[in-house]
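Each chain, written out:
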Protein chains: 2
Amino acid sequence: MATMTAARRRQAGKIAYDAYLADCPSRKLLDRLSDKWVTLILAALADGPRRYNDLSRKIAGVSQKMLTQTLRTLERDGLVNRVVTPTVPVRVDYELTALGGELLPVLRSLKLWADTHIPAVEAARAAYDKRSSRGG
Amino acid sequence: MATMTAARRRQAGKIAYDAYLADCPSRKLLDRLSDKWVTLILAALADGPRRYNDLSRKIAGVSQKMLTQTLRTLERDGLVNRVVTPTVPVRVDYELTALGGELLPVLRSLKLWADTHIPAVEAARAAYDKRSSRGG
DNA sequence: CTGAATCCGTTTAGATACTG
DNA sequence: CAGTATCTAAACGGATTCAG
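So, a few notes on the structure that sits alongside this text. (Residues numbered from 1 in each chain as written. Chains lettered and ligands numbered in written order. Predicted model: local features only at pLDDT ≥ 70, side-chain atom pairs only at ≥ 80, totals over all residues. Heavy atoms only, no water.)

1. Focus on the protein's contact with DNA strand D
Looking at DNA strand D, there are 18 residues lining it, with Asn53, Arg82 and Tyr94 of chain A together with Lys65 and Met66 of chain B nearest. When atoms of DNA strand D within 4 Å of the protein are sorted by moiety, sugar and phosphate together comprise 69%. At 2.4 Å, a side-chain N or O of Lys65 of chain B approaches a base oxygen of DNA strand D. Examining the composition of the surface near DNA strand D, we find that four residues originate from one element, helix 1 (residues 5-22) of chain A, more than from any other. Broken down by class, the residue content of the surface near DNA strand D amounts to seven nonpolar, five polar and six charged. (Near = heavy atom within 4 Å. Polar contact = N/O pair within 3.5 Å; in protein donor to acceptor, adjacent residues only side chain to side chain. Helix = DSSP H or I, 4+ residues; strand = E, 2+ residues; numbered from the N terminus. Nonpolar A, V, L, I, M, F, W, Y, C, P; charged D, E, K, R; others polar.)

If you want it as structure tokens, here you go:
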């Protein structure tokens, strides 16, 4: 039977490709940055250390779960330091590591590109939608 | 009543913040780039135009659905051109627009940062996991 | 060849309640 | 204050099927 060829080939390709992707540094970086809250937290910490609740307020729409979870992965990746002061109640500050700080220029260059070109993207989008709605 | 304060305040904040985010160009760019297939398609088109099936093979693990869907959004965003040649059967080529081409340097600089610093991230991750498994 | 439409399992993220 | 645990709704992505 020829029924499995297409899907199977794609499957085989997928496995090989996923392995390749898993080893791609750019991919990994994008995976971090793509997280909705990562860049926001990084930006919030750009000015200096902040406490947990402080972050939670500054970033507004974030839930406790997402904030904690994102901070954990950032800490694990060595981008953020978690500083515990064993007072009562306990006090926890988060701050950028040197590595985390080095990410800021990248974010800024990204922002620069976005600020420059996103208007063109918007325009393209509007034109596309107009064309579509006209039935073109 | 004080029962609604926490969740409600977060909700109110969320609405305001989502509106803010929706207007943030950097956010929009990251939203595009965060798509698993976007950067891969962009990279695949860096050398020149490619046909649909050609892309599908080159990118391996991608499904028809995702390939088509991603190409559509890229087209809508003005990053990719869709060129139809009305032969039988029909032939469709995809190519980077000028705008899409301008994204390549950004991706390269991102890649540069990643290649430089991801090893440090890996190391931090390994150290973190080691600490955790020790019960620290 | 190039897609659109549909079904469906997996993952994700938010709300809520509880702990030290 | 700074989280953890659990439940559930929604988004995502893959396979399959149909069409021009």
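So, next bit.
2. Re the interface of chain B and chain A
Across the contact, 48 residues belong to chain B and 48 residues belong to chain A. Summing the contributions of chain B and of chain A, the shared interface buries around 4600 Å²; its carbon and sulfur component is 64%. With its nearest N and O atoms 2.8 Å apart, the salt bridge here joins Asp77 of chain A to Arg125 of chain B. Contributing elements (two or more residues each) for the side of chain B that touches chain A: helix 1 (5-22), helix 2 (25-34), helix 3 (38-45), helix 5 (64-76) and helix 7 (103-133) of chain B. Among the elements that line the side of chain B that touches chain A, the one with the most residues is helix 7 of chain B, at 16 residues. (Contact = heavy atoms within 4.5 Å. Buried area = accessible area lost by both parts, 1.4 Å probe. Salt bridge = Lys/Arg side-chain N within 4 Å of Asp/Glu carboxyl O.)

3. Points about the sheet that holds strand 1 (residues 50-51) of chain A
All names here are of chain A. Spatial ordering of the open sheet is given by 1-3-2, a layout of three strands whose pairing is antiparallel. Edge positions in the open sheet fall to strand 1 and strand 2 (80-85), since each of these has one partner strand only. Looking at chain direction, strand 2 and strand 3 (residues 91-96) are connected through six bridges and run antiparallel. Bridging across to strand 3, Arg82 finds its partner in Tyr94. Of the strands in this sheet, strand 2 and strand 3 are in contact with helix 5 (residues 64-76), which crosses strand 2 at around 110°. (Pairing = 2+ DSSP bridges. Axes fitted to C-alpha atoms, helices over the stretch in contact; angles between N-to-C directions.)

4. Some details on unusual backbone geometry
All names here are of chain A. Of note, the bond from Val88 into Pro89 is cis; its omega dihedral lies within 30 degrees of zero at 0°. Of note, Ala60 is a non-glycine position whose phi angle comes to about 55°, a positive value. For Ala60, the location among the structural elements is in the loop between helix 4 (52-58) and helix 5.

5. Things to note about helix 3 (residues 38-45) of chain A
For helix 3 of chain A, the buried fraction is high: seven of the eight residues fall into the buried class. When we look at burial in helix 3 of chain A, the residues that qualify are Val38, Thr39, Leu40, Ile41, Leu42, Ala44 and Leu45 of chain A. (Buried < 20%, exposed > 50% of the residue type's maximum accessible area, 1.4 Å probe, protein only.)

6. Thoughts on the protein's contact with DNA strand C
Neighbouring DNA strand C are 19 residues; Lys65 and Met66 of chain A together with Asn53, Arg82 and Tyr94 of chain B lie closest to it. A share of 69% is what sugar and phosphate atoms reach among the atoms of DNA strand C within 4 Å of the protein. Take Arg72 of chain B: an N or O atom from its side chain is 3.3 Å from a phosphate oxygen of DNA strand C. Contributing elements (two or more residues each) for the surface near DNA strand C: helix 5 of chain A together with helix 1, helix 4 (52-58), helix 5 and strand 3 (91-96) of chain B. Partitioning the surface near DNA strand C into residue classes produces eight nonpolar, six polar and five charged.

7. A short note on the relation of the copies chain B and chain A
Its rotation angle being 180°, the transformation that places chain B on chain A also includes 0.0 Å of axial translation and leaves an RMSD of 0.1 Å. With respect to symmetry, the two chain copies, as superposed, fit the operation of a two-fold axis. Residue Ser34 of chain B of chain B places its C-alpha closer to the rotation axis than any other residue of that unit, at 2.3 Å. A high fraction, 100%, of the interface residues of chain B reappear at the interface in chain A, so the copies pair face to face through one surface. (Least-squares fit on C-alpha atoms with pLDDT ≥ 70 in both.)

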